[in-house]
Amino acid sequence: MAGNQGPYDLSHPSAYLSWRDARLAARPRSVEELVVEVGDIAALTPSEHGALMARIRRCNMAVYVEPPKPGRDHKAALKALGACCGLTSLDANALADEDGITPLAVHKNGARARYIPYTERPITWHTDGYYNPFERGVRGLLLHCASPAAEGGANRLMDIEGLYIMLRDENPDLIAALMQSDAMTIPGNDEDGLQRPATIGPVFAVDVGGALHMRYTARARNVVWSDAAAPAAAAIRRMLETPSPWRFEHVLQAGQGLISNNPLHTREPFRDDPAFPRLLYRARYHQRITGT
Ligand SMILES: [Fe+2]
């Protein structure tokens, strides 16, 4: 898993410092800087694609805004957007539909009703697929809003590279602990239809291509930290809960979506109007967005 570790190599602080300066200079100053208006996500123009990529290169995420498209097949459109950005390997997930894209809406009954994503309750900080093994980690994440909640439902967002910088600037030992191969254990799940074994792995790892990858959840009951990583986990929690220039918040409206390299994110609580229920589509990919 560890190819050239570039700026993430703890024994080469000069490479880190020049990369850090570039990331700080590129950092958006507000969530509005992430927003790109597009005509149709299923058929981006070269300039729309370029505008999205420019933002993703700065902070690993962008928000698109589309005009209303009544009756449109949102899943097909989302797939086309992914393919246009090099995202083709959808992560299989027991609760996804057969095409690998998950509609997220409140379910009062059935298997989904037991899982927080299908309720109005908040979802705390995490990266998607934190329970996946490294080789099937989620690197690309698309969210598309067909219909927002009556109230609430914002996402808080933080680029994992921003969190890495805050941690390393506080103490590089925190990074070293989080890169250990036994830093975080996600216990297995043995519920019918959702079985998966425990996964043990690092929080931060460097992909063969040199990109930073992160697995994380703040849900204490979902994770066991190694003794060495526990102080770093506490530092992460504090940094996520404290307002900082790296933390953004946005409520996706109808026709808006997030295109990203799987940032840290939350879902704030919401109130649904059963007559116009909240509906988001989520697509998780094993690849990063090409060129970012
Ligand atoms: Fe998520």
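Above this text you will find the structure in question.
**Student:** Residues and numbers for the pairing of strand β14 (residues 256-260), please.
**Tutor:** Counting buried residues in β14 gives five out of five residues, a clear majority hidden from the surface. Of the two faces of β14, the one lined by Gln-256, Leu-258 and Ser-260 and the one lined by Gly-257 and Ile-259 are each fully buried. With four bridges joining them, strand β5 (residues 140-147) and β14 adopt antiparallel strand pairing. When the sheet's bridge partners are listed, Leu-143 is paired in β14 with Leu-258.

**Student:** Please give an account of the sheet that holds strand β7 (residues 155-158) that cites residues and values.
**Tutor:** The antiparallel open sheet is built from four strands, whose spatial order is β4-β15-β7-β13. Each having just a single partner strand, β4 (123-126) and β13 (247-250) make up the two edges of the open sheet. Recorded for the sheet is a direction-independent mean angle of 15 degrees between the axes of neighbouring strands. With two bridges joining them, β4 and strand β15 (residues 264-267) adopt antiparallel strand pairing. Residue pairing for β15: His-126 is matched across the bridge by His-265. Relative to the sheet, helix α6 (residues 230-241) contacts β4, β7, β13 and β15, its axis offset from that of β4 by approximately 120 degrees.

**Student:** A description of the pattern of salt bridges should follow, citing residues and the corresponding values.
**Tutor:** In total, this model carries 14 salt bridges according to the counting rule given. Residue Glu-33 pairs with Arg-29 through a salt bridge whose shortest N-O separation is 3.1 Å. Overall, the relative accessible area of 73% leaves Arg-29 in the exposed class.

About the cut-offs
Residues numbered from 1 in each chain as written. Predicted model: local features only at pLDDT ≥ 70, side-chain atom pairs only at ≥ 80, totals over all residues. Heavy atoms only, no water. Buried < 20%, exposed > 50% of the residue type's maximum accessible area, 1.4 Å probe, protein only. Helix = DSSP H or I, 4+ residues; strand = E, 2+ residues; numbered from the N terminus. Pairing = 2+ DSSP bridges. Axes fitted to C-alpha atoms, helices over the stretch in contact; angles between N-to-C directions. Contact = heavy atoms within 4.5 Å. Salt bridge = Lys/Arg side-chain N within 4 Å of Asp/Glu carboxyl O.

Geometric descriptors of this kind do not, in isolation, establish any biological role.
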